[in-house]
Protein chains: 2
Amino acid sequence: MSTITAFETLDVRFPTSLMLDGSDAMNPDPDYSAAYLRIVTDSDDGLSGHGFVFTIGRGNEVEVAAIDALASRFVGRNVEELLADMGATWKEMLHDSQLRWLGPEKGVMHMAIGAVINALWDLRAKRSGEPLWKHLAGFSPEEILDLVDLRYLSDAITRDEALEILRAARDGIGEREQELIANGYPAYTTGPGWLGYDDAKLERLAKEAVASGFAQIKLKVGADIEDDKRRLRIAREAVGPDIRIAVDANQRWDVDEAVEWMSQLAEYDLAWIEEPTSPDDILGHAEIARRLAPMPVATGEHVANRVIFKQMLQAKSLDILQMDACRVGGVNENISILLLAAKFGIPVCPHAGGVGLCETVQHLSMFDYLAVSGTKSGRMIEFADHLHEHFASPISVSSGRYWPPTAPGASSEMLQSSIAEYGYPGGSYWVANPL
Amino acid sequence: MSTITAFETLDVRFPTSLMLDGSDAMNPDPDYSAAYLRIVTDSDDGLSGHGFVFTIGRGNEVEVAAIDALASRFVGRNVEELLADMGATWKEMLHDSQLRWLGPEKGVMHMAIGAVINALWDLRAKRSGEPLWKHLAGFSPEEILDLVDLRYLSDAITRDEALEILRAARDGIGEREQELIANGYPAYTTGPGWLGYDDAKLERLAKEAVASGFAQIKLKVGADIEDDKRRLRIAREAVGPDIRIAVDANQRWDVDEAVEWMSQLAEYDLAWIEEPTSPDDILGHAEIARRLAPMPVATGEHVANRVIFKQMLQAKSLDILQMDACRVGGVNENISILLLAAKFGIPVCPHAGGVGLCETVQHLSMFDYLAVSGTKSGRMIEFADHLHEHFASPISVSSGRYWPPTAPGASSEMLQSSIAEYGYPGGSYWVANPL
C-alpha cells in the first residue's frame, strides 16, 4: 500500500516564437508551453506520474494554479485505491460542484482535470509495466465503460450501444496488436506549412516530407488568399499529385467567409479544411460542411468537451474528428469521444504537435485501433517535429508512421534537464533571456 | 491625463453553505465567492474601478490568477486612452492569442476578461458621474456597435442589422428613461426555492414573496420527482393561481430524462424550465424545447459566450435568454448578446443572485430597455436576497421591482470592511473559522 506524498507543478515554456514554429493565422507567435504536473508517492518502486496541459505561453501560470487546486486534494490519499477505479477518481474531479462552476467542463479548469488524470494514468501504466495504449487495450469492455461519463450523451449513444462497440472490437484484437507493432500507425506532417515560413522553406520541407514517407502534409491558410494560392501551388508542385494536402484556418473565418475563401482553394484537391470557424460553432461548421461538400471539414483541437463533439456528430459538422490529448478532461473523456466517433462512423485524426501532444495522443489512437473502432482506415495522427528531445520517451516516427511506444507509461514524462532549462521564469534559459 | 498605477486582486469568500442558501440539484453547498479586482490610477479624482468574477468557492484562487494575468498588462497605461475606446481595450484582451488558447472565449480566462473590462466600465461610469445603465444608453448606435465583436456572428446578425436595431431604439428613449425611473424594472425571486430549505420555510418565503409584490417565484427541482411535486403543490397553494412559478434543474438531466421529468410537472402551470441539461447542449435544449412546448425553456447563466447563444437562438433552444453579468466577457460581450436576443425577438431575463450579480446585471437590463430591445415585455431580473449588504451601492428592490441605481459606476464596488472580514484565507472570518 502506498500514499501520494506530494505533487509538483511546474511552469515550462519554450521560446518557439523566435523561429515562427507553430505560427498560423490566429497564433502568430506561440511559445509552446506546458503546465506540468508530477505526482509522487512513498512506494519503493520510485515511480511518479506525469501529466500536463499544453498552452502557448502567457497564462501558463493560470493553468498551473488550476492543476494545484485539483492535485492538492489527492495528497495523503491511497494510491492503489485511486488507480484501481480510475473512473471514480476522474469523476471525483469532474463532479466537484464548486470547481465545476469555473467551466463547467471547459477551459482552464477542465484541461487541468485532464492533466491530473493523465498523470495518474501515467503512474498506473508504469506500475503495470506497459505502455498506456497496451494497458488500456487490456481492459474489458465493461471496465472501459466504467471509465467514462455518459451524462449528456444518451441522446447520441446509450450505454448498451457503447458496450456493443467495445465488445465487437474484441474480435481480432490480438491480430491488430501484432499488425500495429509490425506496421505502425499512419502519420501526417504539419512541418512544412507554418504561416511564418517563407516559400523556399515550404518547398524544401514539403519535398523532405515526401522523401520521409508521409502521405499527407498540412498547410496553414487564412491570412491572405493570394498567399494561400501561391503556397498551395508551390506545395502541390513539390509533393506531386499523389500526396494529400490538408489546410488549416485556425478559426479565422465566419461562415460565409469560410465558404467563399475555401471555394477559391478547392481546385488544389484538398484533404480537408480544418477549423474554418469558431470551435464552439456546431451549426456554423455544419453549414460550412454542407456548402463545401465534398471537401471534408475537420475540427476538434479546441473543442471543449464531449458534449460539443456529440452535437458536431449529430449535426454533421465534421468529417474528421481531431481529438486532443490535453484539451478535454484527459484519457477518460477522450475514450467517450472515441466511442461517439465510432458510433457515428467518423474517423479520428488527432491533433498533435505543440509540446508533448504527439507523445500523449499516440496512445489514444493505438488504443482506438485495438479496442474501439478497430480500424486505421482514414485515420492518421498529426506529426510536428518540435521539442520531442525534451521527453524521456519521445515518439518514434519514421516512414510516415508512428511506431508503438514500448516504455511503460503514457510518454508524458519530461526530462529534468529540460525543466531546469525551460522552467519559467527561473530556468537557465529564461534567466539568460528574460522576456 | 492619468495612468493606471496598480491593481489589487482579492479572493473573497462568504460561508453561504452553512445556511444552504443557493443549494440546488447540482450545487449542494456553494460558498458564494468573488475573484475581485480593483484598478487604481494616479488621478486626483481618487476613483478606482471595481469588477469581479462570481464563483462558488474552491477554485476562486484560480480565477484570481487569471485576472492577475490580464490586469497586469494595463499597469502603466494611459487611463483616458483605455476608457475612450472600450471596444479596443476589450478586444486587446479577447484577441491576445496566447491567452486565447486557454479558452478560447470560455471558462476561467474568459470570465477574467469580463472582470477586467467591467472594472474599467465601473471607472468610466464613475468618471462620467452616471450609473452605468444611463452612461451606456448615452452612446450613439455607432458607438455601441464599436464596443462589440461580431466575429462568428455574421450568419445570425450583420452589422447593418445590429445598427438598425440600435437606431430604432433611439425613438422614445427619453420617455423610457422617465418610465424606468417612475416604475422600475420587474424582478422575480428565487428566495423561497432553494433545495436545502424545508417545506415550512418554502411556504413561508413563498407567501412573503407575494406579499412583497413579486409576480414570479422560482423553485429548484431535479433531485427527487416526488419532492418536486410536493414542493410545487406547497408553493402553488401558498402563492395562489396568479403568481408565476418557474423551476430550475441546474443542468441535472439528459434530454429524455428532462422531457420525462418535466412532463410530470407540467400540471403545475410553470413559467419556465431552466437549465434542463448541459449548458453546452444547443441541440439537446432545442429537442427538449420542442417536446415540452408550450412550456418555455430558459437557459444562459452557464452559457460560455456569444457563439453558443447565437446557436441557441438559431436552433430555437430557448424561449428565455438568461444572460449573466460575470460569465461571459463582460459588458461588451453582453451587449452583443442583447443584440442577438433583440434580433431573434427573445426576452432576456438575466441570471442574478450569488454575490454581486444582482448589482451588476441590473445595469444591462436597464440599458437594454432604453437602447436595444426598447421593451420590458416578458422581461424580469432575477432577485435573491443574499449578501447585498457588502456592496457600496446595493440594489434597491421593492414592490417586486428593481429601482434604477443612481450612484455613479457599475454598482460593483464591495465594502472594504467586507473584504477585510471575508478575504480568503486571511480575513477575520476565515481566521476565526478555518475550513
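Asker: I would appreciate a short explanation of the overall build of chain A in the present structure.
Answerer: Secondary structure assignment for chain A yields 18 helices and twelve strands. For chain A, whose C-alpha radius of gyration is 21 Å, the value lies close to the compact-globule estimate of 22 Å for 435 residues. A total of 435 residues make up chain A; the buried ones form 65% of that total. By sequence separation, contacts in chain A at least 24 residues apart represent 75% of the contacts at least 6 residues apart. Just so you have it, chain A exposes about 13,800 Å², and 50% of that area is on carbon and sulfur atoms.

Asker: Sorry if this is basic, but what is going on with the relation of the copies chain B and chain A here?
Answerer: Between the two chain copies there is a screw-like relation: a rotation about an axis and a shift along it. For the pair chain B and chain A, the relating rotation is 180 degrees, the translation along its axis is 0.0 Å, and the fit reaches an RMSD of 0.0 Å. Here the transformation between the copies is reduced to the relation of a two-fold axis. Measuring from the rotation axis to each C-alpha of chain B, the shortest distance belongs to B:Gly107, at 2.4 Å. Counting the interface residues of chain B, we find that 100% of their copies in chain A are interface residues as well, pointing to one common contact surface.

Asker: Sorry if this is basic, but what is going on with the sheet that holds strand 1 (residues 4–13) of chain A here?
Answerer: Residue and element names in this part refer to chain A. Across the sheet, which stays open at both edges, the three strands sit in the order 1-2-3 with antiparallel pairing between neighbours. The open sheet terminates on both sides in strands that have one partner only, identified here as strand 1 and strand 3 (48–55). Here the strands of the sheet are splayed against their neighbours by 15 degrees on average, with no regard to which way each runs. Inspection of the sheet shows strand 2 (residues 33–41) paired to strand 3 by eight bridges, in the antiparallel sense. Along strand 3, the bridge assignment pairs Arg38 with His50. Packed on one face of the sheet, helix 1 (residues 60–71) meets strand 1, strand 2 and strand 3 and runs near 170 degrees to strand 1.

Asker: How do you make sense of the packing of aromatic side chains when you look at a structure like this?
Answerer: Given two aromatic rings, one states the distance between the centres and the angle between the planes to describe the pair. Inspection of every chain in the model, using the stated rule, returns 25 aromatic pairs over all chains. Look at A:Trp121 and A:Phe139: their rings are 5.9 Å apart centre to centre, the planes differ by 50 degrees, and that puts the pair in the tilted class. Linking A:Trp121 in helix 5 (residues 107–128) with A:Phe139 in the loop between helix 6 (132–137) and helix 7 (141–147), this pair joins segments that are 18 residues apart in sequence. Between B:Tyr422 and B:Tyr429, the ring centres sit 5.4 Å apart and the planes meet at 35 degrees, which makes this aromatic pair tilted. With relative accessibility at 13%, the residue B:Tyr422 sits in the buried group. Take B:Tyr429: its relative accessible area is 18%, and that puts it in the buried class.

Asker: Could you clarify how one ought to interpret the packing of helix 11 (residues 225–239) of chain B against helix 12 (residues 255–265) of chain B in this entry?
Answerer: Geometry of a packed helix pair, given as the angle between the helix axes and the separation of the axes. Residues and elements named next belong to chain B. With their axes 10 Å apart at the nearest point, helix 11 and helix 12 run at an angle of 30 degrees to one another. By the angle between their directions, the pair helix 11 and helix 12 is classed as roughly parallel. Crossing angle aside, the handedness with which helix 11 passes helix 12 is right-handed. In contact with Ile225, Asp228, Lys229 and Leu232 of helix 11, helix 12 contributes Trp261, Gln264 and Leu265.

Asker: What am I meant to see in the side chain of B:Asp31 here?
Answerer: Looking at where B:Asp31 falls in the secondary structure, it is placed in the loop between strand 1 (4–13) and strand 2 (33–41). Look at B:Asp31: it is buried, it has no salt bridge, and the nearest opposite charge is B:Arg58 at 6.5 Å. Of note is the side chain of B:Asp31, whose polar atom sits 3.4 Å from the backbone nitrogen of B:Thr16. Discounting residues that sit within four places of it in the chain, B:Asp31 has contacts with A:Gln98, B:Phe14, B:Pro15, B:Thr16, B:Ser17, B:Thr55, B:Ile56 and B:Gly57.

Asker: So what exactly am I meant to see when it comes to the interface of chain B and chain A here?
Answerer: Of the residues lining the interface, 62 residues belong to chain B; the matching set on chain A comes to 62 residues. Both sides of the chain B and chain A interface together cover about 5,100 Å² of buried area, and 55% of this is carbon and sulfur. It is B:Arg58, B:Gln98 and B:Trp101 that lose the most area in chain B upon contact with chain A, and together they represent 18% of the buried surface on that side. Taken together, the connections running from chain B to chain A amount to six salt bridges. Between A:Lys106 and B:Asp280 there is a salt bridge, and its shortest N-O distance comes to 2.8 Å. Run the count over chain B and chain A and you get 32 residue pairs in polar contact (both at pLDDT 80 or more).

Asker: Which parts of the structure should I look at to understand the environment of B:Val355?
Answerer: Residue and element names in this part refer to chain B. Within the secondary structure, Val355 sits in the loop between helix 15 (330–344) and helix 16 (357–371). Assessed through its relative accessible area of 0%, Val355 is described here as buried. Taking the C-alpha atoms as reference points, Val355 and Gly184, 171 residues apart in sequence, are found 22 Å from one another. If sequence neighbours within four positions are ignored, Val355 has contacts with Phe14, Tyr32, Ser33, Ala34, Phe52, Phe54, Leu387, Phe391 and Met414.

Asker: Help me understand the pairing of strand 6 (residues 244–248) of chain A, please; the structure alone is not making it clear to me.
Answerer: It is a general feature of regular strands that their side chains alternate between the two faces of the sheet. Residues and elements named next belong to chain A. Among the five residues in strand 6, four count as buried, and that is most of the element. Of the strand pairs in this sheet, strand 5 (residues 216–220) and strand 6 are connected by five bridges, and their pairing is parallel. Opposite Lys218, over in strand 6, you have Ala246 as the bridge partner. This β-α-β element, strand 5 to helix 11 (residues 225–239) to strand 6, shows right-handed connectivity. With helix 12 (residues 255–265) bridging strand 6 and the parallel strand 7 (residues 270–274), this β-α-β connection has right-handed handedness.

Asker: What is the right way to read helix 9 (residues 173–183) of chain A from this model?
Answerer: Residues spaced three or four apart along an α-helix face the same direction, because each turn holds 3.6 residues. All names here are of chain A. Of the positions making up helix 9, those classed as buried are Ile173, Arg176, Glu177 and Leu180. Considered in projection along helix 9, the buried side chains sweep an arc of 105 degrees and stay on one side of the axis. Opposite the buried face of helix 9, by more than 90 degrees, sit the exposed residues Glu175, Gln178 and Ala182. Next to the buried residues of helix 9 lie helix 6, strand 4 (185–193) and helix 16 (357–371). Immediately beyond the C-terminal end of helix 9, within one or two residues, lies Gly184, with a positive phi of roughly 70 degrees.

Asker: Mind showing me how you'd approach the pairing of strand 5 (residues 216–220) of chain B here?
Answerer: All names here are of chain B. Of all five residues in strand 5, five are buried, a share of seventy percent or more. Burial along strand 5 is two-sided: Gln216, Lys218 and Lys220 facing one way and Ile217 and Leu219 facing the other are all buried. Sheet analysis places strand 4 (residues 185–193) next to strand 5, joined by two bridges and oriented parallel. Residue Gly193 lies in a different strand from strand 5, and its bridge partner there is Leu219. Taken together, strand 4, helix 10 (residues 199–211) and strand 5 constitute a β-α-β crossover, and its handedness is right-handed.

Asker: Please clarify how the environment of A:Gln314 should be interpreted in this entry.
Answerer: Mapping A:Gln314 onto the fold places it in helix 14 (residues 306–314). Through-space distance from the C-alpha of A:Gln314 to that of A:Leu265 is 27 Å; in sequence the pair is 49 residues apart. Filtering out sequence-adjacent residues up to four positions away, A:Gln314 remains in contact with A:Asp155, A:Ala156, A:Phe344 and B:Leu283.

Parameters at a glance
- Residues numbered from 1 in each chain as written.
- Chains lettered and ligands numbered in written order.
- Predicted model: local features only at pLDDT ≥ 70, side-chain atom pairs only at ≥ 80, totals over all residues.
- Heavy atoms only, no water.
- Helix = DSSP H or I, 4+ residues; strand = E, 2+ residues; numbered from the N terminus.
- Rg over C-alpha atoms; globule rule 2.2 N^0.38 Å.
- Buried < 20%, exposed > 50% of the residue type's maximum accessible area, 1.4 Å probe, protein only.
- Contact = heavy atoms within 4.5 Å.
- Areas by Shrake-Rupley, 256 points an atom, 1.4 Å probe, with all protein chains shown as cover.
- Least-squares fit on C-alpha atoms with pLDDT ≥ 70 in both.
- Pairing = 2+ DSSP bridges.
- Axes fitted to C-alpha atoms, helices over the stretch in contact; angles between N-to-C directions.
- Phe/Tyr/Trp six-rings, centres within 6.5 Å; stacked < 30°, edge-to-face > 60°.
- Parallel < 35°, antiparallel > 145°, perpendicular 65-115°, else oblique.
- Left-handed = near helix turned anticlockwise from the far one by under 90°.
- Lys, Arg positive; Asp, Glu negative; His and termini not counted.
- Salt bridge = Lys/Arg side-chain N within 4 Å of Asp/Glu carboxyl O.
- Polar contact = N/O pair within 3.5 Å; in protein donor to acceptor, adjacent residues only side chain to side chain.
- Buried area = accessible area lost by both parts, 1.4 Å probe.
- Right-handed = clockwise from strand over helix to strand, strands pointing away.
- Arc of directions from axis to C-beta.

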